[in-house]
Every structure is written in C-alpha cells, then in structure tokens.
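Residue-level structural notes
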Amino acid sequence: MGIFDRLFNKNKEVPKVEERTVMNLKTGDIVTYDLQDYQVVGKLHYNDSGYSWDAYQLQGEGETLWLGVELDDELELGMYKTVKFSLEEPIPKKVTYEGRTYHMEEHGTAYVKGEGRSQNVHGKEMKYYDFEDDTEEHFLSVEVWGSEVEVSYGYEIEEYEIKILAGS
C-alpha cells in the first residue's frame, strides 16, 4: 500500500474518540483547572458495600491534585491536595487543621481498584474518614492504608470549572 492509498483510502476505519466527562476520565487525559493543565496519571475506584466513587490523580507542573467524583443524589466534585498532618488510629471525631475545626461526617472501609500510577493499591482494602468544617466548604479526607495514614485537604468545585481533553 502506497502513501496515497493510506491518505485517501475511504475504507479505512477511523477510531472514534469517546467524549470524556468526569464520570469516564482515563489515564492520559488532560484536565484544565484554574488555568493549569494536569494529566490524569492515576485512578482509584472505591467500593464500600456497593456504594462507589472515584479519585483521579492529576499531575501538573510541580503539583499533584486529586479530583474526587461522587454521584450521590447529585454529582459532587472535590479538588484535594495531600497535606502534612499527623493523625494516628483511632481517628478522632473532631480535628483542627490550620485553625479550622473539622467534624467527621462519615467513615467506612472500601475495596480499591487502582489504575496508572495508582495500580500499586489495586485489590487492597482501606479505611476512610471524611471530615468537613462548619461552613461545609472545606474538607479533610483521611485514608488509612495498613499502618500509613494519609490526609488530604479539599474543597468542592463545580463541573464547569474543569475542561477535559481526551488523551487517546
């Protein structure tokens, strides 16, 4: 097959690109948030007895964010960043971080499926604790992976605040 056959062959199948939304992001996609571009480099899918939600690891210029996506009664999106905040089990029902008091809203145990950079936790079980402040605008997400406790600070965002470009 010559170059002209490849360029002008009408029988050639062109792969269809699936429109991306926050519900079907894939590793390699680009997410623009707050005038910055981030590549989706990992995905965690959590399942707590049939209730599920996702977190996408977004790698930007010198910064990593996590986009939390939860479909409860309505779509809930949160942007999170891992912070240095020392907590140990048992996790208290109330914590203070950077002068703000947070109250535990829910907790449980979830089975996790990981993709991309997050595949190292695929098939693991973890404990989670979700906190919010009195304004219900600031959140702390606490995840316990074995003996390691990870804390992330987050806040709610709206779907229109992000743009998605399919990476494949």
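Now for a quick tour of the structure. (Residues numbered from 1 in each chain as written. Predicted model: local features only at pLDDT ≥ 70, side-chain atom pairs only at ≥ 80, totals over all residues. Heavy atoms only, no water.)

Details of the pattern of salt bridges
Short version of the rule: What makes a salt bridge here is a side-chain nitrogen of Lys or Arg within 4 Å of a carboxyl oxygen of Asp or Glu, nothing more. In DSSP terms, a helix is any run of H or I states spanning at least four residues, a strand is any run of E spanning at least two, and both are numbered starting from the N terminus. In this scheme, a residue with accessible area under 20% of its type's maximum is buried, one over 50% is exposed, and one in between is partly exposed, where area comes from a 1.4 Å probe on protein chains only.
In total, this model carries four salt bridges according to the counting rule given. Notably, a salt bridge pairs Lys127 with Glu89, separated by 3.0 Å at the nearest N-O pair. In this pair, Lys127 is assigned in strand β8 (residues 125-133) and Glu89 in the loop between β5 (75-83) and β6 (94-97), connecting sequence segments 38 residues apart. Relative accessible area serves as the criterion here: at 38%, Glu89 is assigned to the partly exposed category. Residue Asp133 pairs with Arg100 through a salt bridge whose shortest N-O separation is 3.2 Å. Taken together, the residues Asp133 in strand β8 and Arg100 in strand β7 (residues 100-116) connect sequence positions 33 residues apart.

Some thoughts on the pairing of β7
Looking down a regular strand, the side chains alternate between one sheet face and the other. As a reminder, the rule being used: Each pair of strands is called paired provided DSSP finds at least two bridges between the two strands.
In the sheet, strand β2 (residues 36-48) pairs with β7 via six bridges, with the strands oriented antiparallel. Within the sheet, the bridge partner assigned to Lys43 lies in β7 and is Glu115. Note that β6 and β7 share four bridges and pair antiparallel. Directly across from Thr96, in β7, lies its bridge partner Thr101. For β7 and β8, the ladder comprises nine bridges, and the chain directions are antiparallel. Considered in β8, the bridge of Gly108 is made with Tyr128.

So, the packing of aromatic side chains
Applicable threshold: The rule is short: rings of Phe, Tyr and Trp, with Trp giving its six-membered ring, pair when the centres are within 6.5 Å, and they are stacked under 30 degrees, edge-to-face over 60, tilted in between.
Per the counting criterion, the structure on display carries five aromatic pairs. A centroid spacing of 6.2 Å and a plane angle of 45° characterise the contact between Tyr153 and Tyr155, whose relative ring orientation is tilted. Note on Tyr155: relative accessible area 29%, which makes it partly exposed. Three or more aromatic residues link up through ring pairs in this structure, and these residues are Tyr46, Tyr51, Trp53 and Tyr128.

Details of the environment of Phe85
The test is simple: Residue contacts follow a heavy-atom distance rule, with two residues in contact if any of their heavy atoms lie within 4.5 Å.
With respect to the helices, strands and loops of the structure, Phe85 is situated in the loop between β5 and β6. Sequence spacing of Phe85 and Thr96 is eleven residues, and the spatial spacing of their C-alpha atoms is 9.9 Å. In contact with Phe85, not counting residues within four places along its chain, are Val95, Thr96, Tyr97, Leu140 and Val151.

Observations regarding the nonpolar core
Quick note on the threshold: Buried Ala, Val, Leu, Ile, Met, Phe, Trp, Tyr and Cys residues that are joined via side-chain atoms within 4.5 Å together make up what is termed a nonpolar core.
Tyr33, Tyr56, Leu58, Leu67, Met79, Ile157 and Ile162 are the most contacted members of the largest nonpolar core, which has 15 residues in total. Taken together, the elements giving at least two residues each to this core come down to β1 (30-33), β2, β3 (51-60), β4 (63-71) and β5. Ranked by the residues each element gives to this core, the list is headed by β4, at three residues. The residues contacting Ile162, other than those within four sequence positions of it, are Val22, Val31, Thr32, Tyr33, Leu67 and Ile157.

Some words on the pairing of strand β9 (residues 138-145)
With respect to burial, β9 is a largely interior element, eight of its eight residues being buried. Of the two faces of β9, the one carrying His138, Leu140, Val142 and Val144 and the one carrying Phe139, Ser141, Glu143 and Trp145 are both buried. Bridge analysis of β8 against β9 gives six bridges, and the strand direction is antiparallel. Among the inter-strand pairings, Tyr129 is bridged to a residue of β9, identified as Val142. Between β8 and β9, which pair antiparallel in sequence order, lie four residues; one of them, Glu136, sits at a positive phi of approximately 60°. Sheet analysis places β9 next to strand β10 (residues 148-157), joined by eight bridges and oriented antiparallel. Pairing of His138 across the sheet is with Tyr155, part of β10. Here β9 folds back onto β10 in antiparallel fashion, the turn holding two residues, of which Gly146 has a positive phi close to 65°.

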